[in-house]
Amino acid sequence: MAAASASSFTSLKSRPAPGLATIAAVKSGAPLSFSFRRPVPAVSRLRISCAAKPETVEKVAKIVKKQLALPAETPVTGDSKFAALGADSLDTVEIVMGLEEEFHISVEEDSAQSIATVQDAADLIEELVQKK
């Protein structure tokens, strides 16, 4: 392999692993210039949904409404966040206890802490019921 002379050198591109800065240096009589590509931010929370049955989501929504004493006209859907509905940590514990009673399941503490939405609760319930 022949070595390139300094006068024939026109560009150098480094292609590191994806997500790392890409350096492109060009020598054309002017100072070298560099460009950096920012890595794409990672998703802060990975959400895996097993798409619980609509009936399960409706039952969970009904229990959440009851536990939080929400007015009948308050919409509660799978995307509803407990915190947005006004639930504090004690309310969330009571919701989980209501779900355990209704569905005859036992929710582990670490699993209970990962529940933030009605859909999260419904998905967890379906998973636990299938394990029974």
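Residues numbered from 1 in each chain as written. Predicted model: local features only at pLDDT ≥ 70, side-chain atom pairs only at ≥ 80, totals over all residues. Heavy atoms only, no water.

(A) Spotlight on the nonpolar core. Val60, Val64, Phe82, Leu99 and Val118 are the most contacted members of the largest nonpolar core, which totals 26 residues. Mapped onto this core, the elements with two or more residues apiece are helix H1 (54-68), helix H2 (89-103) and helix H4 (118-131). Aside from chain neighbours lying at most four places away, what touches valine 118 is Val57, Val60, Ala61, Val64, Val76, Thr77, Gly78, Ser80 and Phe82. (Core = buried A, V, L, I, M, F, W, Y, C linked by side-chain atoms within 4.5 Å. Buried < 20%, exposed > 50% of the residue type's maximum accessible area, 1.4 Å probe, protein only. Helix = DSSP H or I, 4+ residues; strand = E, 2+ residues; numbered from the N terminus. Contact = heavy atoms within 4.5 Å.)

(B) Main features of the packing of H1 against H4. Between H1 and H4, the shortest axis-to-axis distance is 9 Å and the interhelical angle comes to 125°. The angle between H1 and H4 falls in the class oblique. Relative to H4, the crossing made by H1 is right-handed. Every residue of H4 that contacts H1 at Thr56, Val57, Val60, Ala61 and Val64 is listed here: Val118, Gln119, Ala121, Ala122, Ile125 and Glu126. Looking at the contact of H1 with H4, its residues break down into eight nonpolar, two polar and one charged. (Axes fitted to C-alpha atoms, helices over the stretch in contact; angles between N-to-C directions. Parallel < 35°, antiparallel > 145°, perpendicular 65-115°, else oblique. Left-handed = near helix turned anticlockwise from the far one by under 90°. Nonpolar A, V, L, I, M, F, W, Y, C, P; charged D, E, K, R; others polar.)

(C) Geometry of the environment of lysine 132. In this structure, lysine 132 sits in the segment after H4. What makes lysine 132 exposed here is its relative accessible area of 64%. For the pair lysine 132 and isoleucine 105, spaced 27 residues apart in sequence, the C-alpha to C-alpha distance is 8.5 Å. Beyond its immediate chain neighbours, meaning those up to four positions away, lysine 132 contacts Phe103, His104 and Ile105.

(D) Layout of the pattern of salt bridges. By the definition in use, this model includes two salt bridges. Salt-bridge contacts for lysine 59 lead to glutamate 102; the nearest nitrogen and oxygen are separated by 3.6 Å. Separated by 43 residues along the polypeptide, lysine 59 in helix H1 and glutamate 102 in helix H2 bring together distant segments of the chain. A salt bridge links lysine 131 to glutamate 127; the nearest nitrogen and oxygen atoms lie 3.5 Å apart. Residue lysine 131 and its partner glutamate 127 are both found in helix H4; the two are separated by four residues, about one turn of the helix. (Salt bridge = Lys/Arg side-chain N within 4 Å of Asp/Glu carboxyl O.)

(E) Highlighting H1. For H1, spanning 15 residues, the distance from its first C-alpha to its last is 21 Å, which sits close to the expected 21 Å at 1.5 Å a residue. Among all positions of H1, only Thr56, Val57, Val60, Ala61, Ile63, Val64 and Leu68 are buried. Along the axis of H1, the buried residues cluster in a sector spanning 165°; they form a single face. Counted as exposed and oriented over 90 degrees from the buried face of H1: Pro54, Glu55, Glu58, Lys62 and Lys66. On its buried side, H1 packs onto H2 and H4. Two residues or fewer past H1, alanine 69 is found with a positive phi of approximately 50°. (Expected span 1.5 Å × (residues − 1). Arc of directions from axis to C-beta.)

(F) Quick peek at a nonpolar patch on the surface. Residues Leu90, Val93 and Met97 make up a contiguous nonpolar surface patch of roughly 300 Å² in combined accessible area. Its place among the elements puts methionine 97 in helix H2. On the basis of relative accessibility, which here comes to 51%, the residue methionine 97 falls in the exposed class. (Patch = residues over 30% accessible without salt bridge, like charges linked within 9 Å, V, L, I, M, F, W, Y side chains within 5 Å. Areas by Shrake-Rupley, 256 points an atom, 1.4 Å probe, with all protein chains shown as cover.)

Geometric descriptors of this kind do not, in isolation, establish any biological role.
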